Amino acid sequence: AEAAAAPGGGGSSPAGGGSVPVLFCFSVFARPASVPHGAGYELLIQKFLSLYGDQIDMHRKFVVQLFAEEWSQYIDLPKGFLVSERCKVRLVPLQIQITTLGNLTPSSTVFFCCDMQERFRPAIKYFGDIISVGQRLLQGARLLGIPVIVTEQYPKGLGSTVQEIDLTGAKLVLPKTKFSMVLPEVEAALAEIPGVRSVVLFGVETHVCIQQTALELIGRGLEVHIVADATSSRSMMDRMFALERLARTGIIVTTSEAILLQLVADKEHPKFKEIQNLIKASAPESGLLSKV
């Protein structure tokens, strides 16, 4: 989805903070809801997805529009718009159909490693296996010069990233309390990477931090690849339904070997032999892939 700059709209203003009523319109539907005072573009997109997720084709581009009282019609959502008063917004699909091919190139890809921390070891199913695959992915990223962004969920209480995972050369290692990895520091780091188009995402938990990160990233127009053999949850039911939901929104669910070989693309690639050595050991027969 994308938005263009334009003047704002009107309405009645609530006193102070709290929630603001917003009418969310899509196609023939109009559903009232509320958002926090000061909510911006990304929260509006998330609310559209929560209200109309089954109807929205994420393979298309959209524009968010705001009803402007002074014009008596919808206008493109102003850049930097924050909800401060009652308003009406709509999501309009553009006519151009965008096909998600899932092509990956090192120059336009970044890896996201989410919360692979020590305290999760006894709780997450097949945690040892996803650690092994995650380490393989990070080795591949170093070989191919792909930036790596790492988060740790409340490390003071949950510990640091497990010792088996080598974070040497990571662009960013960041503590967080928010479930999604999409923090201001992460957005700033992405802005420093020219031409980034695709995010390869793995870690824990699939139905919480991975899912919320993926939804925020596609809301920003990035293509997301979730590595099925490097992501897990405490419950295999939570994991399975999260992956199914994400696949329906246009997110690509794939495997570590497919990712690494897609990135080299050619036997003549100068790093092919080193990547080949990484993937010679087959993916663990853990049961993860039978539950995708």
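See above for the structure.
What counts as what
Residues numbered from 1 in each chain as written. Predicted model: local features only at pLDDT ≥ 70, side-chain atom pairs only at ≥ 80, totals over all residues. Heavy atoms only, no water. Salt bridge = Lys/Arg side-chain N within 4 Å of Asp/Glu carboxyl O. Helix = DSSP H or I, 4+ residues; strand = E, 2+ residues; numbered from the N terminus. Core = buried A, V, L, I, M, F, W, Y, C linked by side-chain atoms within 4.5 Å. Buried < 20%, exposed > 50% of the residue type's maximum accessible area, 1.4 Å probe, protein only. Contact = heavy atoms within 4.5 Å. Pairing = 2+ DSSP bridges. Axes fitted to C-alpha atoms, helices over the stretch in contact; angles between N-to-C directions. 1 Å grid on protein atoms, 1.4 Å probe; cavity = no way out; pocket = protein on both sides within 12 Å on 5 of 7 lines; lining within 4 Å. Points joined across faces, edges and corners; volume = space filled by probe spheres on them. Polar contact = N/O pair within 3.5 Å; in protein donor to acceptor, adjacent residues only side chain to side chain. Phe/Tyr/Trp six-rings, centres within 6.5 Å; stacked < 30°, edge-to-face > 60°. Lys NZ or Arg CZ within 6 Å of the ring centre and 35° of its normal.

Colleague: Provide a residue-level description of the pattern of salt bridges, including the pertinent values.
Modeller: Counted according to the given criterion, the structure contains 11 salt bridges. In this structure, Glu42 and Arg220 form a salt bridge, with 3.2 Å as the shortest nitrogen-oxygen distance. Of this pair, Glu42 sits in helix α1 (residues 41-52) while Arg220 is found in the loop between α5 (206-219) and β10 (223-232), placing the two residues 178 residues apart along the sequence.

Colleague: Break down the environment of Leu243 for me, citing the residues and quoting the values.
Modeller: Examined against the element boundaries, Leu243 turns out to sit in helix α6 (residues 236-248). When the C-alpha positions of Leu243 and Thr206 are compared, they lie 7.4 Å apart, and in sequence the two are 37 residues distant.

Colleague: Lay out the nonpolar core in plain terms, naming residues and giving numbers.
Modeller: Grouped together as the largest cluster of nonpolar side chains are 32 residues, with contacts concentrated most on Phe111, Phe127, Leu137, Phe202, Val227, Ile259 and Leu263. Elements with a minimum of two residues in this core: β6 (109-114), α2 (127-144), β7 (148-153), β9 (198-204), β10, α7 (256-264) and α8 (272-279). The element best represented in this core is α2, accounting for eight residues. Filtering out sequence-adjacent residues up to four positions away, Leu263 remains in contact with Leu104, Thr105, Pro106, Thr109, Phe111, Leu144 and Ile146. Counting 29 residues, the second-largest nonpolar core is a separate cluster that includes Leu183, Val208, Ala214 and Ile218.

Colleague: I'd like a rundown of the sheet that holds strand β11 (residues 252-254), residues and numbers included.
Modeller: Pairing in this open sheet of six strands is parallel, and the strands run β8-β7-β6-β9-β10-β11 from one edge to the other. Each having just a single partner strand, β8 (172-176) and β11 make up the two edges of the open sheet. Averaged over neighbouring strand pairs, the angle between their axes works out to 20° when direction is ignored. Both β6 and β7 contribute to a ladder of four bridges, which runs parallel. Note that in β7 the partner of Phe112 across the bridge is Ile149. Relative to the sheet, helix α4 (residues 184-191) contacts β6, β7 and β8, its axis offset from that of β8 by approximately 160°.

Colleague: So what's going on with empty space enclosed by the protein? Which residues, and what values?
Modeller: Summed over all chains, the structure comprises two cavities of 30 Å³ or more. Its volume calculated, the second largest cavity comes out at about 30 Å³. Lining the second largest cavity are Leu138, Arg142, Val148, Asp166, Leu167, Thr168, Gly169 and Ala170.

Colleague: Tell me about unusual backbone geometry, and please be specific about residues and values.
Modeller: Backbone torsion omega between Val204 and Glu205 reads -20°, so that peptide bond is classified as cis. You can see Glu205 is positioned in the loop between β9 and α5. Positive phi values are uncommon outside glycine, yet Ser27 reaches one of about 55°. Within the element layout of this structure, Ser27 appears in the loop between β1 (19-26) and β2 (29-36). Assessed through its relative accessible area of 61%, Ser27 is described here as exposed. The residue Ser72 is not glycine, and still its phi comes out positive at about 60°.

Colleague: Got a sec to walk through the side chain of Thr161? Specific residues and values, please.
Modeller: In this structure, Thr161 sits in the loop between α3 (155-158) and β8. A distance of 2.7 Å separates polar atoms of two side chains, one belonging to Thr161 and the other to Glu152. Beyond its immediate sequence surroundings of up to four residues, Thr161 is in contact with Met116, Gln117, Val150, Glu152 and Leu167.

Colleague: How would you sum up the packing of aromatic side chains? Please name residues and give values.
Modeller: Summed over all chains, the structure comprises seven aromatic pairs. Between Phe26 and Phe62, the aromatic rings sit 6.4 Å apart at their centres with planes inclined by 55°, giving tilted as the arrangement. Taken together, the positions of Phe26 in strand β1 and Phe62 in strand β3 (residues 60-68) put the pair 36 residues apart, joining distant regions of the chain. Judged on exposure class, the residue Phe26 and its partner Phe62 are both buried. Among the aromatic residues, those joined into a cluster by ring pairs are Phe24, Phe26, Phe29, Phe48, Tyr52 and Phe62. Here Arg31 stacks its cationic end above the ring of Phe29, 5.3 Å away from the centre of that ring.

In short, shape yes, function no, at least from these values alone.
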